[in-house]
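# Fold and contact review
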Amino acid sequence: MRELKKLFENNQIWAREKIKKDPDFFRNLSEKQTPKYLWIGCADSRIPANEVLGLEPGEIFVHRNVANLVPHTDFNCLSVLQYGIEYLNVRHVIICGHYGCGGVAAAMKNAQFGLVDNWLRNIRDVYSREKKELDSIAGTIQKYQRLVELNVLHQVMNVCHTTIVQNAWAEQKKLSIHGWVYDVATGLLKDLNCCISSLDQVEDTYHTLKLH
Ligand code: CO
């Protein structure tokens, strides 16, 4: 219990520091949140979204799960996406994977890990769809790193395939979906140069609305 007591002490120190810098800090936040960004990242403890981006509470809406996946049947992730886009009016959705992701590593093994295998199936599907490129990569580490990147790119497209995002674009909302990778060994982000801002950048099989 002593360990947890320390967390409460930390919390009191943190709240005091915030008030010292800005006496209205919590009062303003208690009234509303107006984040411009939605972060969909891995649950990994080494990647706290606010901290790596230098953002304060209230500045980024966050959803995290094992290996930053956006399955089209996951109502948890989709609810965050809908709330972020329709009610908070975020301008940017960032899918951020990371090198050294245990979820991606597990999905590359011919082994079972229990319940989580059903979740990691999504990554095996990415591997299967990108098998030609991945199997042509000689080094295991390089192949692993590329799968981390490809997984992010597939999740970016999964976000774009939702009616939530397509409706926002149809309403002329400014909304971009980005794919990034964080390197836990350097603390730095890498932009995969994947920025989707309109329906014409999406494969027509997944269009739920007609392009004008
Ligand atoms: Co991870």
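You'll find the structure just up there.
As a starting point, this report considers the structure included with it. (Residues numbered from 1 in each chain as written. Predicted model: local features only at pLDDT ≥ 70, side-chain atom pairs only at ≥ 80, totals over all residues. Heavy atoms only, no water.)

### Considerations on the coordination of the cobalt ion
We count it as follows: Each metal's donors are the N, O and S atoms within 2.8 Å of it, or within 3.2 Å when it is Na, K or Ca, and because water is not part of the set, sites may look incomplete. Strands are runs of DSSP state E lasting at least two residues, helices are runs of H or I lasting at least four, and both sets are numbered from the N terminus onward. The buried label goes to any residue with under 20% of its type's maximum accessible area, the exposed label to any with over 50%, and the partly exposed label to all in between, with areas taken from a 1.4 Å probe on protein chains only.
For the cobalt ion, the protein coordination sphere consists of Cys42 (SG), His98 (NE2) and Cys101 (SG), at 2.0 to 2.3 Å. Written as a sequence motif, the donor residues of the cobalt ion are C-x55-H-x2-C. Remark: Cys101 occurs in the loop between strand S3 (92-99) and helix H5 (102-107) and Cys42 occurs in strand S1 (residues 37-42); sequence separation between them is 59 residues. For Cys42, a relative accessible area of 9% corresponds to the buried category. Residue class for Cys101 comes out buried when judged on its relative accessible area of 3%.

### Some remarks on the packing of aromatic side chains
Convention followed: The aromatic pairing rule takes the rings of Phe, Tyr and Trp, using the six-membered ring of Trp, and pairs them if the centres are within 6.5 Å, calling planes under 30 degrees apart stacked, those over 60 edge-to-face and the rest tilted. Whether a charge sits over a ring comes down to the Lys NZ or Arg CZ being within 6 Å of the ring centre and within 35 degrees of the ring normal.
With the rule as written, the count across this model stands at four aromatic pairs. When the centroid spacing of 5.6 Å and the interplanar angle of 65° are considered together, the rings of Trp14 and Phe26 count as edge-to-face. One end of the pair, Trp14, is in helix H1 (residues 2-21); the other, Phe26, is in helix H2 (residues 25-31), and twelve residues separate them in sequence. On the basis of relative accessibility, which here comes to 29%, the residue Phe26 falls in the partly exposed class. Aromatic pair Tyr83 and Tyr87: ring centres 5.5 Å apart, planes at 20°, arrangement stacked. Pair noted here: Tyr83 and Tyr87 are both in helix H4 (residues 75-87), with a separation of four residues, about one helical turn. Through a chain of ring-to-ring contacts, the aromatic side chains of Trp14, Phe25 and Phe26 assemble into a single cluster. Against the face of Phe25 rests Lys18, its NZ or CZ located 5.3 Å from the ring centre.

### Quick look at the pairing of strand S5 (residues 188-196)
In plain terms, the rule: For two strands to count as paired, DSSP must find a minimum of two bridges between them.
Sheet topology note: the strand S4 (residues 176-183)/S5 ladder contains six bridges and is antiparallel. Bridging across to S5, His178 finds its partner in Cys195. In textbook terms, the turn of a hairpin is the stretch between consecutive antiparallel strands, and for S4 and S5 this stretch comprises four residues, one of which, Gly187, has a positive phi near 80°.

### A closer look at the environment of Arg124
Stated formally: Contact between two residues is taken to exist if any of their heavy atoms lie within 4.5 Å; hydrogens are not considered.
Tracing the sequence through the fold places Arg124 in helix H6 (residues 116-129). Judged by relative accessible area, which is 27%, Arg124 ranks as partly exposed. C-alpha of Arg124 to C-alpha of Val104: the two residues are 20 residues apart in sequence and 8.7 Å apart in space. Setting aside anything within four residues of it in sequence, one finds Arg124 in contact with Ala106, Ala107, Lys109 and Ala111.

None of this, on its own, says anything about what the molecule does.
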